Amino acid sequence: MIIAANLKTNLTRHDTALYIEEVDKCAKQSKQEVLVFPAISSLDSFETKVEVGTQNAYPTVKGAFTGEIGLEQLEEFSIKTILIGHSERRHVLGETQEFIAQKFHYFKEQGFKIVYCVGEPKEKREAGKDATLEYISAQYEGIDTNYENLIIAYEPVWAIGTGLTPTLEDIQEIHTQLKQKSPAPLLYGGSVKVNNIKDVLRVKNVDGVLVGSAALYAEHFCTMIAYADELQLKEK
Ligand code: PEP
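Residues numbered from 1 in each chain as written. Predicted model: local features only at pLDDT ≥ 70, side-chain atom pairs only at ≥ 80, totals over all residues. Heavy atoms only, no water.

(A) Seen up close, the overall build of the protein chain. A count of helices and strands for the protein chain gives nine helices and eight strands. For 236 residues, the compact-globule formula gives about 18 Å, and the C-alpha radius of gyration of the protein chain, at 17 Å, lands near that figure. Expressed along its principal axes, the backbone C-alpha trace of the protein chain runs to roughly 45 × 40 × 30 Å. Taken across its 236 residues, the protein chain has 52% of its residues classed as buried. Counting only contacts in the protein chain whose residues sit at least 6 apart along the sequence, the fraction spanning at least 24 positions is 70%. Roughly 11,100 Å² of accessible area belongs to the protein chain as shown, and the carbon and sulfur atoms make up 50% of that amount. In the protein chain, the 25 positive side-chain charges and the 34 negative ones have mean positions that sit 4 Å from each other. (Helix = DSSP H or I, 4+ residues; strand = E, 2+ residues; numbered from the N terminus. Rg over C-alpha atoms; globule rule 2.2 N^0.38 Å. Buried < 20%, exposed > 50% of the residue type's maximum accessible area, 1.4 Å probe, protein only. Contact = heavy atoms within 4.5 Å. Areas by Shrake-Rupley, 256 points an atom, 1.4 Å probe, with all protein chains shown as cover. Lys, Arg positive; Asp, Glu negative; His and termini not counted. Charge placed at Lys NZ, Arg CZ, Asp CG, Glu CD.)

Here it is in structure tokens:
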């Protein structure tokens, strides 16, 4: 399974290094693929089993893009993994699907592992399943769903950082639909924490999780990684 942490705008460079060191100890004892997306100012050359990715980058090698980083800055630290389409970049920072697709194409051409996020806001969920799926389908526009280095994360916007989660049946239903759109591993994200991760990971067509706030403490994130191992052992 894939167990990923999005640290967002949290932890200093110093604390991130300690965090990654701690999580790496757990990752090394685990069979899971562990990804961590720290704040950009905390990127570094980590020689770890934990795969460190960037939460964002501009689709360019370098240039006049104030406040952004490009390929040159990522290559300095051998970063080859990127999060694209996160709801905070779509809804808070105003990234359009067209720009997101452009980013996707650029980093695909560079061979990056791409964790691509999709998910509907509350009003679409309230408008029903068809409206929800139609909304999510539009987020696949311009995306190569067969890219071999792609991981998709289904993250309902209303579940991110709110403590709310869809029912397990709803997660299964959406994941089953989304699996028809792409053969890529499909993660669930949105208020996953220590006390619900086992239930979420047991859902059919859930290949892992993307965790935000509950992953901020290495100890908690390590517990989640260990739970994923426990579940896999039981399945055998
Ligand atoms: C996220 O931001 O990707 C996320 C899943 O956040 P949280 O776990 O805090 O809902």
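And the narrative resumes.
(B) Region of the structure containing the nonpolar core. Membership of the largest hydrophobic core comes to 64 residues, with the highest contact counts inside it found for Tyr19, Phe107, Ile114 and Phe221. Setting aside its immediate chain neighbours within four residues, Phe107 contacts Ala57, Tyr58, Pro59, Leu71, Leu74, Ile82, Ile84, Phe112, Ile114 and Tyr147. Counting 11 residues, the second-largest nonpolar core is a separate cluster that includes Ile2, Val115, Cys117 and Leu210. (Core = buried A, V, L, I, M, F, W, Y, C linked by side-chain atoms within 4.5 Å.)

(C) Summary view of the sheet that holds strand E1 (residues 2–6). Across the sheet, which stays open at both edges, the eight strands sit in the order E3-E2-E1-E8-E7-E6-E5-E4 with parallel pairing between neighbours. The open sheet has two edge strands, strand E3 (51–52) and strand E4 (81–84), and neither has a second partner. Judged from the three bridges that link them, strand E7 (residues 186–189) and strand E8 (residues 208–211) form a sheet pairing that is parallel. Residue pairing in the sheet places Leu187 in a bridge with Gly208 of E8. Relative to the sheet, helix H1 (residues 13–28) contacts E1, strand E2 (33–37) and E3, its axis offset from that of E2 by approximately 170°. Contacting E1, E2 and E8, helix H9 (residues 218–235) crosses the sheet at an angle of about 165° to E1. (Pairing = 2+ DSSP bridges. Axes fitted to C-alpha atoms, helices over the stretch in contact; angles between N-to-C directions.)

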